[in-house]
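Each chain, letter by letter, is given below.
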Amino acid sequence: MSQASEPSPDFIQLAQHAFASQGYAPSDAVRKAAAKGLARLDAPQVSTGVHASEVSFEDMLKRCADA
């Protein structure tokens, strides 16, 4: 369960590098939140059984609106 509460050191380092490249020194909480966001982007997506090419743009918008 520690993965859910504590992001990987690699993601923390990546977040720190990204902030530093923009000249920003974030607080520890902001750095951890960014690392958690990066971890979510890295996580495999849950398959719904429908390929993106099979769904129209309007249907994708409707799904996003319901989320």
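Preceding block: the structure.
So, how was this worked out
Residues numbered from 1 in each chain as written. Predicted model: local features only at pLDDT ≥ 70, side-chain atom pairs only at ≥ 80, totals over all residues. Heavy atoms only, no water. Helix = DSSP H or I, 4+ residues; strand = E, 2+ residues; numbered from the N terminus. Buried < 20%, exposed > 50% of the residue type's maximum accessible area, 1.4 Å probe, protein only. Salt bridge = Lys/Arg side-chain N within 4 Å of Asp/Glu carboxyl O. Axes fitted to C-alpha atoms, helices over the stretch in contact; angles between N-to-C directions. Parallel < 35°, antiparallel > 145°, perpendicular 65-115°, else oblique. Left-handed = near helix turned anticlockwise from the far one by under 90°. Contact = heavy atoms within 4.5 Å. Nonpolar A, V, L, I, M, F, W, Y, C, P; charged D, E, K, R; others polar.

Participant: When you look at the environment of Asp10 in this model, what are you seeing that I'm missing?
Facilitator: Inspection of the secondary structure puts Asp10 in helix H2 (residues 9-21). Judged by its relative accessible area of 57%, Asp10 is exposed. Sequence separation of Asp10 and Ala35 is 25 residues, and the distance between their C-alpha atoms is 8.4 Å.

Participant: I tried to follow the pattern of salt bridges on my own but got confused; where do I start?
Facilitator: In a structure, side chains of opposite charge can pair up when their charged atoms sit close to one another. The tally for this structure, following the rule as stated, stands at 2 salt bridges. A salt bridge links Arg31 to Asp28; its shortest N-O distance comes to 3.1 Å. Taken together, the residues span about one helical turn, with Arg31 and Asp28 both in helix H3 (residues 28-42) at a distance of 3 residues. In this structure, the salt-bridge partner of Asp28 is Lys32, at a minimum N-O distance of 3.8 Å. Taken together, the residues Asp28 and Lys32, both in helix H3 and 4 residues apart, mark about one turn of the helix. Overall, Asp28 belongs to the partly exposed group, its relative accessible area being 43%. The exposure class assigned to Lys32 is partly exposed, which follows from its relative accessible area of 28%. Within this structure, Asp28, Arg31 and Lys32 form a network of salt bridges that share partners.

Participant: Help me out: how do you make sense of the packing of H2 against H3 in this one?
Facilitator: When two helices pack together, their arrangement is given by the angle between the helix axes and by the axis-to-axis distance. Relative orientation of the contacting elements H2 and H3 amounts to 115°, with a least axis distance of 8 Å. It follows that H2 is roughly perpendicular to H3 by the angle criterion. At the point where H2 passes H3, the crossing takes the right-handed sense. In this structure, H2 contributes Phe11, Ile12, Leu14, Ala15, Gln16 and Phe19 to the contact, and H3 contributes Val30, Arg31, Ala34, Ala35, Leu38, Ala39 and Asp42. Classifying every residue of the contact of H2 with H3 by side-chain character gives 10 nonpolar, 1 polar and 2 charged.

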